[in-house]
2 protein chains.
Amino acid sequence: MTQIGTLYGIGVGPGDPELLTLKAARIIEATPVITVPVAQEDGESHALNVVESMLKPDQRVLKLHFPMVRDIAEREAKRQAATQTIVEELQVGRDVAFLTEGDPMFHSTFGYVLNLLPEGLSVEVIPGVSSIMAAAADIKTPLVNAGQRLAVIPAVFENVDELHHIFAEFDTVVLMKVYRVLDRVLDLLDELGLIDQAVIVERASHAEGRVIKDVQSVQDDDVHYMSLMIVHTK
Amino acid sequence: MTQIGTLYGIGVGPGDPELLTLKAARIIEATPVITVPVAQEDGESHALNVVESMLKPDQRVLKLHFPMVRDIAEREAKRQAATQTIVEELQVGRDVAFLTEGDPMFHSTFGYVLNLLPEGLSVEVIPGVSSIMAAAADIKTPLVNAGQRLAVIPAVFENVDELHHIFAEFDTVVLMKVYRVLDRVLDLLDELGLIDQAVIVERASHAEGRVIKDVQSVQDDDVHYMSLMIVHTK
């Protein structure tokens with residue numbers, strides 16, 4: 001009887017390959033099948049770029065297609081197919097690593113895989129350094145001190161009014177993927193008198209990353225899609 | 001002229017020594033002076049325990065006293081003294097590592113040091129895996145999926161009413177150091193119908209860590225002080 005393989009959901013950190021954990025490095029080196037989510041069929045994977053120099057020729061790399069399309073049925077079908085690919089490898093006894101940038105439990109594709117995985121399989125989750133911590137390190141300013149409150153909000157604002165009291169009640173507000181609604185966010189910060197307490201960090205920890213302290217100076221189309229905004233409200 | 005040393009604020013991760021990053025490991029091994037914050041004079045340091053096996057006899061370890069006392073003047077004086085100790089090492093040209101559990105920019109003593117440090121010194125911040133990500137990995141449940149909102153709140157509730165709408169507006173609420181007000185939190189969760197969606201994680205990633213799914217079964221004094229609660233509100 002074949003022993004079923006283990007699925008490792010691994011966070012490879014925010015982008016700097018040195019921000020991989022010792023545990024992630026050990027498991028990635030020892031796992032025969034490396035899978036990464038890609039938004040375009042056979043497209044680029046940032047997570048793969050992070051670990052590429054560690055991989056050996058006998059390791060198999062599978063790019064799993066998780067399209068970011070509006071059609072729910074199509075999205076769901078692709079997630080099912082990707083999960084099925086993983087399950088087939090596990091069932092023939094091979095361990096599989098699923099790599100995600102940052103942390104696998106934080107805004108990550110691995111959540112969808114976990115959700116669709118049949119019961120009874122062996123799964124391990126290896127946490128990673130997330131982009132919010134890496135961004136705070138880049139600006140050398142604490143995200144929150146002891147006793148302070150943090151809100152992390154994806155920048156999809158159906159209701160800007162709701163954000164007013166979030167800014168009032170939290171010491172620090174992080175807006176993820178802020179490039180999508182930057183104009184509206186800048187207007188709101190201006191209205192709340194918080195525009196000087198906001199910083200944008202593009203591609204935290206990357207060699208080509210950028211810290212933008214004068215947030216008013218930037219335009220939507222000038223900001224990288226891997227960007228977040230940290231606002232210290234106090 | 002002596003070249004001034006560099007201060008490294010380093011997150012050693014949540015407790016599992018393998019969750020150290022490659023970068024943290026490299027810098028810790030190469031830095032002559034290792035400093036750690038301790039709550040009691042010469043007391044235990046969890047961060048030091050994490051890296052202890054990596055240290056060599058020629059590295060100096062300094063325990064810096066950051067007492068958790070109510071007297072603000074005393075607390076401030078001790079923070080000043082600790083920072084001064086670091087500055088003196090830097091000024092004679094030695095690099096200094098300041099180790100913190102988890103991430104140095106997230107509820108960490110390193111924030112106080114950064115705040116008190118004279119201008120013009122060379123500082124680098126090395127992010128680490130935080131306890132919230134490690135806790136989510138332990139329970140193998142995403143903290144937040146894409147598009148979801150996260151609130152991280154220290155469990156010091158002056159105003160329980162405020163928490164009602166935080167639970168209503170956020171997909172996931174993490175309560176840090178929850179042992180301090182566990183009874184009140186359990187009452188609130190019960191009232192909100194969320195008690196079955198709450199999990200307590202003690203000492204995330206530690207070999208002696210514990211996941212408590214039946215949160216109603218525990219008492220305040222039965223929960224480790226390094227514990228947090230994750231509540232999925234949806």
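It should be noted that the structure appears before, not after, this text.
Just so it is clear, the structure is predicted and the values come from calculations on it, not from any experiment. (Residues numbered from 1 in each chain as written. Chains lettered and ligands numbered in written order. Predicted model: local features only at pLDDT ≥ 70, side-chain atom pairs only at ≥ 80, totals over all residues. Heavy atoms only, no water.)

## Brief notes about the sheet that holds strand 4 (residues 96-100) of chain A
Residue and element names in this part refer to chain A. If you trace the five strands from one edge of the open sheet to the other, you get 3-2-4-1-5, paired in parallel fashion. Every other strand in the sheet has two partners, leaving strand 3 (60-65) and strand 5 (122-126) as the edge strands with one partner each. Put simply, the sheet's adjacent strands are angled 25° from each other on average, direction ignored. Summarising the sheet, strand 2 (residues 33-38) and strand 4 pair through three bridges and their orientation is parallel. What sits directly across from Ile-34, in strand 4, is Ala-97. Most of the contacts of helix 3 (residues 72-91) go to strand 3, to which it runs at about 155°, and overall it touches strand 1 (6-11), strand 2, strand 3 and strand 4. (Pairing = 2+ DSSP bridges. Helix = DSSP H or I, 4+ residues; strand = E, 2+ residues; numbered from the N terminus. Axes fitted to C-alpha atoms, helices over the stretch in contact; angles between N-to-C directions. Contact = heavy atoms within 4.5 Å.)

## Concerning the packing of aromatic side chains
Residues and elements named next belong to chain A. If you walk through the whole model with that rule in mind, you get seven aromatic pairs over all chains. Between Phe-66 and Phe-98 the ring centres are 6.1 Å apart and the planes differ by 85°, which places this aromatic pair in the edge-to-face class. Taken together, the positions of Phe-66 in the loop between strand 3 and helix 3 and Phe-98 in strand 4 put the pair 32 residues apart, joining distant regions of the chain. A residue is classified by how much of its surface remains accessible, and Phe-98, at 0% relative accessible area, is buried. A connected cluster of aromatic rings, assembled from ring pairs, spans Phe-66, Phe-98 and Phe-110. Over the ring of Tyr-112 we find Arg-79, and its NZ or CZ is 3.6 Å from the ring centre. (Phe/Tyr/Trp six-rings, centres within 6.5 Å; stacked < 30°, edge-to-face > 60°. Buried < 20%, exposed > 50% of the residue type's maximum accessible area, 1.4 Å probe, protein only. Lys NZ or Arg CZ within 6 Å of the ring centre and 35° of its normal.)

## So, the relation of the copies chain A and chain B
Once chain A has been moved 0.0 Å along the axis and rotated by 180°, it coincides with chain B to within an RMSD of 0.0 Å. Here the symmetry operator amounts to a two-fold rotation axis. Here 100% of the interface residues in chain A have copies in chain B that are interface residues too; the copies meet face to matching face. (Least-squares fit on C-alpha atoms with pLDDT ≥ 70 in both.)

## Things to note about the interface of chain A and chain B
At the junction of the two partners, chain A supplies 51 residues and chain B supplies 51 residues. Counting the surface lost from both chain A and chain B, the interface buries some 4300 Å², and carbon and sulfur atoms represent 63% of this. Here A:Glu18 makes a salt bridge to B:Arg26, at a shortest N to O gap of 2.7 Å. When contributions to the side of chain A that touches chain B are tallied by element, the ones reaching two or more residues are helix 1 (22-30), helix 4 (110-116), strand 5, helix 5 (131-139), strand 6 (150-154) and helix 6 (160-169) of chain A. Split into classes, the residues belonging to the side of chain A that touches chain B amount to 30 nonpolar, eleven polar and ten charged. Direction of pairing for strand 6 of chain A relative to strand 6 (residues 150-154) of chain B: antiparallel, over a ladder of three bridges. (Buried area = accessible area lost by both parts, 1.4 Å probe. Salt bridge = Lys/Arg side-chain N within 4 Å of Asp/Glu carboxyl O. Nonpolar A, V, L, I, M, F, W, Y, C, P; charged D, E, K, R; others polar.)

## Some remarks on a negative patch on the surface
Taken together, A:Asp183, A:Asp187, A:Asp190 and A:Glu191 make up a surface patch of like negative charges. Within the secondary structure, A:Asp190 sits in helix 7 (residues 182-192). (Patch = residues over 30% accessible without salt bridge, like charges linked within 9 Å, V, L, I, M, F, W, Y side chains within 5 Å. Areas by Shrake-Rupley, 256 points an atom, 1.4 Å probe, with all protein chains shown as cover. Lys, Arg positive; Asp, Glu negative; His and termini not counted. Charge placed at Lys NZ, Arg CZ, Asp CG, Glu CD.)

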